[in-house]
Amino acid sequence: MEWTSSTGRKILLQEGDITCAEADAIVNAANSALAGGGGVDGAIHRAGGPEIMRELDGIRAKTGGCPTGSAVATGAGRLRARYVFHAVGPVYRDGRRGEPELLAACHRKCLEMAEEKGASTIAFPAISTGVYGYPVEEAAEIAIREAKAHLERPDVKLQEITFVLFGRHAHGAYAAALKR
Ligand code: APR
């Protein structure tokens, strides 16, 4: 499933494990302590190796972590990517405590970082839709909206944004959002 912007840039959907994605930058679904965890976080650290956490230790020592709605970049260790962007999505409560804005900010921050680093491809997981409980339909709407807005800009270097989804439900939600 894919979508092409008026400027010829693409959004792609894939089902599977994001650690196998071939992209210049892979987005991690991290926590504000940058402490690692399960889900995407666990998979990326397992596949990428200890270098990634060592870099995060340095960042944490300097900044104390990463605020929700933002992201920090590290190398990708053994992963095929050049960078891992550790994005901190919001924990979903009831959708009326700024969660949508924070989730959108997460995606925008990763897209901006991709431009700063000169990445031409980036792979996102469904941030906040696991442990953080964000309803996947709403999260998909936000993620796709931010991706489309970014790729419609004439000046961006990013050529391709891929969403790597775990399971049919998430894939279906993103496909529906992409069609809208
Ligand atoms: N590849 C792609 N998607 C994955 C993978 C994987 N290897 N593992 C899990 N997912 C999916 C989940 O099914 C969910 O749809 O990624 C989405 C995000 O789920 P989480 O990884 O639980 O991330 P999130 O909901 O953002 O919660 C972040 O969980 O692992 C901890 O340290 C992390 O505290 C942080 C919190």
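Residues numbered from 1 in each chain as written. Predicted model: local features only at pLDDT ≥ 70, side-chain atom pairs only at ≥ 80, totals over all residues. Heavy atoms only, no water.

Colleague: Got a minute to help me understand the packing of helix α1 (residues 39-48) against helix α2 (residues 50-63) in this structure?
Modeller: To characterise two packed helices, one gives the angle between the axes of the helices and the distance between these axes. The contact between α1 and α2 brings their axes to 6 Å, and the two run at 115°. As judged from the angle between their axes, α1 and α2 are roughly perpendicular. Note on element contacts: α2 touches α1 through Pro50, Ile52, Met53 and Leu56, opposite Ile44, His45 and Gly48. For the contact of α1 with α2, the per-class residue count stands at five nonpolar, two polar and no charged. (Axes fitted to C-alpha atoms, helices over the stretch in contact; angles between N-to-C directions. Helix = DSSP H or I, 4+ residues; strand = E, 2+ residues; numbered from the N terminus. Parallel < 35°, antiparallel > 145°, perpendicular 65-115°, else oblique. Contact = heavy atoms within 4.5 Å. Nonpolar A, V, L, I, M, F, W, Y, C, P; charged D, E, K, R; others polar.)

Colleague: Please explain the site of the ligand as it appears in this structure.
Modeller: Close to the ligand lie 22 residues; Val40, Asp41, Ser128, Thr129 and Gly130 are nearest. Interatomic distance of 2.9 Å between a backbone N/O atom of Ile18 and a nitrogen atom of the ligand. Measuring from an oxygen atom of the ligand, one finds a backbone N or O atom of Val131 at 2.9 Å. When the free accessible area of the ligand is taken as 690 Å², the share hidden by the protein chains comes to 88%. Elements with a minimum of two residues in the shell around the ligand: β3 (25-30) and α1. At four residues, the largest contribution of residues to the shell around the ligand is made by α1. (Near = heavy atom within 4 Å. Polar contact = N/O pair within 3.5 Å; in protein donor to acceptor, adjacent residues only side chain to side chain. Areas by Shrake-Rupley, 256 points an atom, 1.4 Å probe, with all protein chains shown as cover.)

Colleague: Would you take a moment to explain helix α3 (residues 99-117) for this structure?
Modeller: At 3.6 residues per turn, the α-helix brings residues three or four places apart onto the same side. Compared with an ideal rise of 1.5 Å per residue, which puts 19 residues at 27 Å, α3 spans 27 Å between its outermost C-alpha atoms and is within 8% of the ideal. Within the sequence span of α3, burial applies to Glu99, Leu103, Ala104, Cys106, His107, Cys110, Leu111, Met113, Ala114 and Glu115. Those residues of α3 hidden inside the fold are in contact with β3, β4 (71-75), β5 (83-88), β6 (121-124), α4 (136-152) and β7 (160-165). Following α3 by one or two positions, Gly118 adopts a phi angle in the positive range, close to 75°. (Expected span 1.5 Å × (residues − 1). Buried < 20%, exposed > 50% of the residue type's maximum accessible area, 1.4 Å probe, protein only.)

Colleague: Help me understand the packing of α4 against helix α5 (residues 168-179), please; the structure alone is not making it clear to me.
Modeller: α5 packs onto α4 with a crossing angle of 45° between their chain directions and a minimal axis gap of 8 Å. When the axis of α4 is compared with that of α5, the two are oblique. Between α4 and α5 the crossing geometry is right-handed. On the side of α4, the interface is formed by Val136, Glu137, Ala139, Ala140, Glu141, Ala143, Ile144 and Lys148, while α5 contributes His169, Ala170, Ala173, Tyr174, Ala177 and Leu178. Considering only residue class, the contact of α4 with α5 consists of ten nonpolar, one polar and three charged. (Left-handed = near helix turned anticlockwise from the far one by under 90°.)

Nothing here speaks to function; it is all geometry.
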